[in-house]
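This is what each chain is made of:
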Amino acid sequence: MKYYIAIDLGASKTRIAVCSKDSIIKKIVEATPKHGDEYAIAKFIWESTRKSFSEYIEDIVAVGVASIGPLDIKRGVAVNPTNLPFKEIKLLEPLTKYFNTKVVVANDAMAAAWGEKHYGLGKPFRNLVYLTLSTGVGAGVIVDGHLLIGKEGNAHEVGHIIVDFNSELECGCGGRGHWEAFAGGINIPRVARWIAVKHGISSDLFDFLLKHPEASAKDVFEYYRRGDPLGVLVVDLYVKASRAGIASIINIYDPEILLIGGGVFLNNQDILFEKIVNGLENDIVTSMPIIKPTGFGDDAGLYGALALAVNPPRELLEEQGV
Ligand SMILES: [Zn+2]
């Protein structure tokens, strides 16, 4: 039997799965290493796979990697990843050596779009966008059946769409008023502090944030659920920024279906989905696409990586010289 390895490399967690050509057989979830040289992560992936899936290792025919970006797509290297302390994370070259088989590397959201097209709700469609609302904001885009890549593999960096050109709120990339500055999970506590200081708001959430510099998006949403006034303002901005961003995605790419994944969204679908989607038709010039949460939950990246391994997109193979 032939097996495939799917890898979803995230800023906090790395998921590795052994798969048939159709689905995940077994998976592990590990904390992504935060130290070491540019090969540390490739070594960790190889060692973890060898340890957990030793009985499959001889029969692996291809490996797909859905990685945090930004990526140098030709070299298969993550360069200055926004939320991990590495200058470069080499993937394509060392993993090809370790696994001694074909390896395909793509940005995680780009891979997830490819996974939705091959295994998920995107199957019947030629025009599809996968949007991740997670630590960061990103997308993968398929237009006319083609996966969009761009000159360096960044044709889908929708998180840096400017949703408020007057805003002084800085994004992780250094730009101002970007969608991700408002809606990236890592930025949400910062948005809350910024609003509280700017408008002189005191609330339980603000007290909590002052005492807990390590507070996360999860905490902010918890306070929102308790009716905290600062929490309400932060979620309101999150929704407005996301509506503006999604309207731009629809106007630019004209998708038939838009699938939304990512931890921040999936954990708060009950609050966010209708607020983001209702009335969106007033902000677009084209017709509305179907908009749904991904059917894969946390496994969207893994199914993306599997699709890369089993059906590598021609556009990507040309870039990576396979
Ligand atoms: Zn940005």
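Values in this document were obtained by computation on a predicted structure and should not be read as measured data. Starting from 1, residues in each chain are numbered consecutively following that chain's sequence as written. The predicted origin of the model limits local features to residues at a pLDDT of at least 70 and limits the giving and counting of side-chain atom pairs to 80 or more, whereas totals for whole chains, interfaces and linings rest on all residues. The side-chain values count all of the structure's non-hydrogen atoms but skip hydrogen atoms and water molecules.

## Brief notes about helix 3 (residues 108-119)
Inference 1: Strands here are runs of E lasting at least two residues and helices are runs of H or I lasting at least four, both read from the DSSP assignment and numbered beginning at the N terminus. Expected helix span is computed as 1.5 Å times (number of residues minus one). In this model, helix 3 (12 residues) spans 16 Å end to end at C-alpha, consistent with the 16 Å of a helix rising 1.5 Å per residue.
Inference 2: Summarising burial for helix 3: 10 of the 12 residues are buried, a large majority.
Inference 3: Among the residues of helix 3, those classed as buried are Ala109, Met110, Ala111, Ala112, Ala113, Trp114, Gly115, Glu116, Lys117 and Tyr119.
Inference 4: Here a polar contact is recorded for every N or O atom pair within 3.5 Å, except that within protein the pair must consist of a potential hydrogen donor and a potential acceptor, and residues adjacent in sequence are included only if both atoms are side-chain atoms. The distance from a side-chain oxygen at the start of helix 3 to the backbone nitrogen of alanine 109 is 2.9 Å, and the residue carrying that oxygen is asparagine 107. Only protein chains enter the accessibility calculation, which uses a 1.4 Å probe. A residue is then buried if its area is under 20% of the maximum for its type, exposed if over 50%, and partly exposed in between.

## Quick notes on the domain arrangement of the protein
Inference 1: Here the bounds of each domain stem from an automatic or database domain assignment. Per the domain assignment, the segments making up the protein are domain 1 (3-108 + 299-320) and domain 2 (121-295).
Inference 2: Distance between the C-alpha centres of domain 1 and domain 2: 26 Å.
Inference 3: When domain 1 packs against domain 2, the two sides together hide about 1,000 Å² of surface, and 55% of this comes from carbon and sulfur.
Inference 4: Buried area, as used here, totals the accessible surface that two parts lose on assembly, with accessibility defined by a 1.4 Å probe and the loss added over both. Of all residues in domain 1, the largest losses of buried area upon contact with domain 2 belong to Asn83, Asn107 and Glu315, amounting jointly to 37% of the total for that side.
Inference 5: One speaks of a salt bridge when a side-chain nitrogen belonging to Lys or Arg is within 4 Å of a carboxyl oxygen belonging to Asp or Glu. Put simply, domain 1 and domain 2 have 0 salt bridges between them.
Inference 6: In this structure, the connection of domain 1 to domain 2 is made through 1 residue pair in polar contact (both at pLDDT 80 or more).
Inference 7: The dominant element in the side of domain 1 that touches domain 2, judged by the number of residues it contributes, is helix 12 (residues 314-320), at 4 residues.
Inference 8: Basically, the charged four are Asp, Glu, Lys and Arg, the nonpolar ten are Ala, Val, Leu, Ile, Met, Phe, Trp, Tyr, Cys and Pro, and anything else, Gly included, counts as polar. Among the residues making up the side of domain 1 that touches domain 2, the classes are represented as 6 nonpolar, 3 polar and 4 charged.

## As for the coordination of the zinc ion
Inference 1: For the zinc ion, every protein donor is listed as His160 (ND1), Cys171 (SG), Cys173 (SG) and His178 (ND1), and the spread of their distances is 2.0 to 2.3 Å.
Inference 2: Between consecutive donor residues of the zinc ion, the sequence gaps follow H-x10-C-x1-C-x4-H. Residue histidine 160 is located in the loop between strand 11 (146-147) and helix 4 (179-183), and its partner cysteine 173 is located in the loop between strand 11 and helix 4; the two are separated by 13 residues in the primary sequence.
Inference 3: The partly exposed category is assigned to histidine 160, whose relative accessible area is 26%. Note: metal donors comprise N, O and S atoms at 2.8 Å or less from the metal (3.2 Å for Na, K and Ca); water molecules are not included, so apparent gaps in a site are possible.

## A few points about the side chain of glutamate 180
Inference 1: The topology assignment puts glutamate 180 in helix 4.
Inference 2: In this tally, Asp and Glu contribute negative charge and Lys and Arg positive charge; neither His nor the terminal groups of the chain are included. There is no salt bridge for the buried glutamate 180, and the closest opposite charge comes from arginine 190, which lies 8.1 Å off by N-O distance.
Inference 3: Here the side chain of glutamate 180 touches valine 137 through a polar contact of 2.9 Å, landing on its backbone nitrogen.
Inference 4: Here, two residues are considered to be in contact whenever any of their heavy atoms come within 4.5 Å of each other. Those residues in contact with glutamate 180, other than ones at most four positions away along the chain, are Gly136, Val137, Gly159, His160, Cys171 and Asn187.

## A few points about the sheet that holds strand 9 (residues 128-133)
Strands in a sheet are paired, the pairing made by backbone hydrogen bonds, and the direction either parallel or antiparallel.
Inference 1: Strands sit in the order 11-10-9-12-13 across an open sheet of 5 strands; the sheet is mixed. Single-partner strands in this sheet number two, and they are strand 11 and strand 13 (290-293).
Inference 2: Two strands pair when backbone bridges link them, and strand 9 and strand 12 (residues 257-261) are joined in this way by 5 bridges, in the parallel orientation. From the neighbouring strand, valine 129 faces strand 12, where its bridge partner is leucine 258.
Inference 3: Note on method: axes are straight lines fitted to C-alpha atoms, helices fitted across the in-contact stretch only, with angles between N-to-C directions ranging 0 to 180 degrees. Where helix 10 (residues 269-277) meets the sheet, its contacts fall on strand 9 and strand 13, and the angle it forms with strand 13 comes to roughly 170°. At least two bridges found by DSSP between two strands is the condition for calling them paired.

## Remarks on the pattern of salt bridges
Inference 1: Taken as a whole, this structure holds 15 salt bridges when the rule is applied.
Inference 2: In this structure, the salt-bridge partner of glutamate 55 is lysine 26, at a minimum N-O distance of 3.2 Å. With glutamate 55 in the loop between helix 1 (40-52) and strand 4 (60-67) and lysine 26 in strand 3 (residues 24-31), this residue pair connects regions lying 29 residues apart in the sequence.
Inference 3: By relative accessible area, which is 37% here, lysine 26 ends up partly exposed.

## Thoughts on the packing of helix 5 (residues 188-199) against helix 8 (residues 229-253)
Inference 1: The N-to-C vectors of helix 5 and helix 8 enclose an angle of 120°; their axes lie 10 Å apart at closest approach. For the pair helix 5 and helix 8, the sense of crossing is right-handed. When helix 5 is examined against helix 8, the residues Ile188, Val191, Ala192, Trp194, Ile195 and Ala196 are found in contact with a partner set consisting of Leu230, Leu233, Val234, Leu237 and Tyr238. Should the near helix be turned anticlockwise from the far one by less than a right angle, the crossing is termed left-handed; should it be turned clockwise, right-handed.

## Side note on the nonpolar core
Nonpolar side chains tend to gather and get buried jointly when the protein is soluble and globular.
Inference 1: To form a nonpolar core, buried Ala, Val, Leu, Ile, Met, Phe, Trp, Tyr and Cys residues must be joined to one another through side-chain atoms within 4.5 Å. Within the largest apolar cluster, 67 residues are counted, with the highest numbers of intra-cluster contacts made by Ile5, Ile45 and Leu91.
Inference 2: The biggest single contributor to this core is helix 11 (residues 300-310), with 9 residues.
Inference 3: Each of domain 1 (3-108 + 299-320) and domain 2 (121-295) accounts for three or more of the residues forming this core.
Inference 4: Core analysis: the second largest hydrophobic core is formed by 53 residues, Ala215, Ile260, Ile271 and Leu280 among them.

## Some words on the layout of surface pockets
Inference 1: Reported here for the second largest pocket is a volume of approximately 200 Å³.
Inference 2: Taken together, 13 residues form the lining of the second largest pocket, with Asp164, Phe182, Trp194, Leu237 and Lys240 sitting closest to its centre.
Inference 3: Those elements that provide at least two residues to the lining of the second largest pocket are helix 5 and helix 8.
Inference 4: Here the lining of the second largest pocket takes 5 residues from helix 8, the largest share from any one element.
Inference 5: Split by residue class, the lining of the second largest pocket holds 8 nonpolar, 1 polar and 4 charged. The distinction between a cavity and a pocket rests on a 1 Å grid over the protein atoms alone: a 1.4 Å probe fits inside a cavity but cannot get out, while a pocket stays open yet meets protein on both sides within 12 Å along at least five of seven lines, and a residue with an atom within 4 Å of a point counts as lining. Grid points are joined across faces, edges and corners, and a volume is the space filled by probe spheres set on the points.

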